[in-house]
Amino acid sequence: MEYIEPHFRYILTEVLKNSAHATVRWHKENSNGKSGSKVPPVSVCVSSNDEQVEVKVTDQGGGMGKSVLSNVWRFGYTTAHDSAAGLAGSEASTGSGLAGWGFGLPRSLIYTRYLGGDIEIETEPGQGCAVRIVFPKAASEKSLELLGGL
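We now turn to the structure provided with this report. (Residues numbered from 1 in each chain as written. Predicted model: local features only at pLDDT ≥ 70, side-chain atom pairs only at ≥ 80, totals over all residues. Heavy atoms only, no water.)

**Considerations on the pairing of strand E4 (residues 128-136)**
Buried residues dominate E4, accounting for seven of its nine residues. Inspection of the sheet shows strand E2 (residues 52-58) paired to E4 by seven bridges, in the antiparallel sense. The residue bridging Lys56 from the neighbouring strand is Arg132, located in E4. Two strands pair when backbone bridges link them, and strand E3 (residues 118-124) and E4 are joined in this way by seven bridges, in the antiparallel orientation. For Ile119, the partnering residue across the bridge sits in E4 and is Ile133. What sits between the antiparallel neighbours E3 and E4 is a turn of three residues, in which Gly126 has the positive phi angle 85°. (Buried < 20%, exposed > 50% of the residue type's maximum accessible area, 1.4 Å probe, protein only. Helix = DSSP H or I, 4+ residues; strand = E, 2+ residues; numbered from the N terminus. Pairing = 2+ DSSP bridges.)

Written out as structure tokens, the structure is:
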């Protein structure tokens, strides 16, 4: 079970980082110069049944258009406006020298499928995204414990 923890942490960190970044960027670009307006939260919902554990991360980061959504699983595809700034801000938190270069979501999908799960993205352009991460219960028990420590 020890092999699950680093993969789960990576997947969750990547999804949360992307959601937070999109929410802050969308809010900044669409606040019409209103100072002091609050950035909406990114929400995380964890549920389980006898067969699986689901983690759903929902944001208000403006969503993705079809062209972006069709490419997010491709290695090297990025929507980062400034990769150098993204690298500096993200590398410290993830420990990855690949931050901002389009490797996070594809790696997350590979890890999730390796553990017998899947990732789905629902998007509402102009609103936000919901990322649904599902693991089989057997692979998820250790991961569910990690969520208690967040």
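Picking up after the structure, the text goes on.
**Here's the deal with the pattern of salt bridges**
One pass over the structure, following the stated rule, counts five salt bridges. As a salt-bridge pair, Arg132 and Glu120 come within 3.0 Å of each other at their nearest N and O atoms. In this pair, Arg132 is assigned in strand E4 and Glu120 in strand E3, connecting sequence segments 12 residues apart. Here Arg132 falls in the partly exposed class, since its relative accessible area comes to 22%. Owing to a relative accessible area of 36%, Glu120 belongs among the partly exposed residues under this scheme. Residues participating in the shared-partner salt-bridge network are Glu54, Glu120 and Arg132. (Salt bridge = Lys/Arg side-chain N within 4 Å of Asp/Glu carboxyl O.)

**Looking at the environment of Gln127**
Looking at the element boundaries, Gln127 is found in the loop between E3 and E4. In this structure the C-alpha to C-alpha distance between Gln127 and Gly63, which are 64 residues apart in sequence, comes to 5.4 Å. Apart from residues no more than four positions distant in its own chain, Gln127 is found in contact with Asp59, Gln60, Gly61, Gly62 and Gly63. (Contact = heavy atoms within 4.5 Å.)

**Focus: the packing of helix H1 (residues 4-30) against helix H4 (residues 104-114)**
Where H1 meets H4, the axes come as close as 9 Å, and the angle between the chain directions of the two elements is 145°. Crossing of H1 over H4 shows left-handed handedness. From H1, His7, Tyr10, Ile11, Glu14, Val15 and Asn18 reach across to H4, where they touch Gly104, Leu105, Arg107, Ser108, Tyr111 and Thr112. Its residues placed into classes, the contact of H1 with H4 shows five nonpolar, five polar and two charged. (Axes fitted to C-alpha atoms, helices over the stretch in contact; angles between N-to-C directions. Left-handed = near helix turned anticlockwise from the far one by under 90°. Nonpolar A, V, L, I, M, F, W, Y, C, P; charged D, E, K, R; others polar.)

**A closer look at the sheet that holds E3**
Across the sheet, four strands lie side by side as E1-E2-E4-E3; this open sheet has antiparallel pairing. The open sheet has two edge strands with one neighbour each: strand E1 (43-48) and E3. Taken pair by pair, the neighbouring strands of this sheet meet at an average axis angle of 15°, ignoring direction. Against the sheet, H1 touches E1, E2, E3 and E4, its axis set at about 25° to E2.

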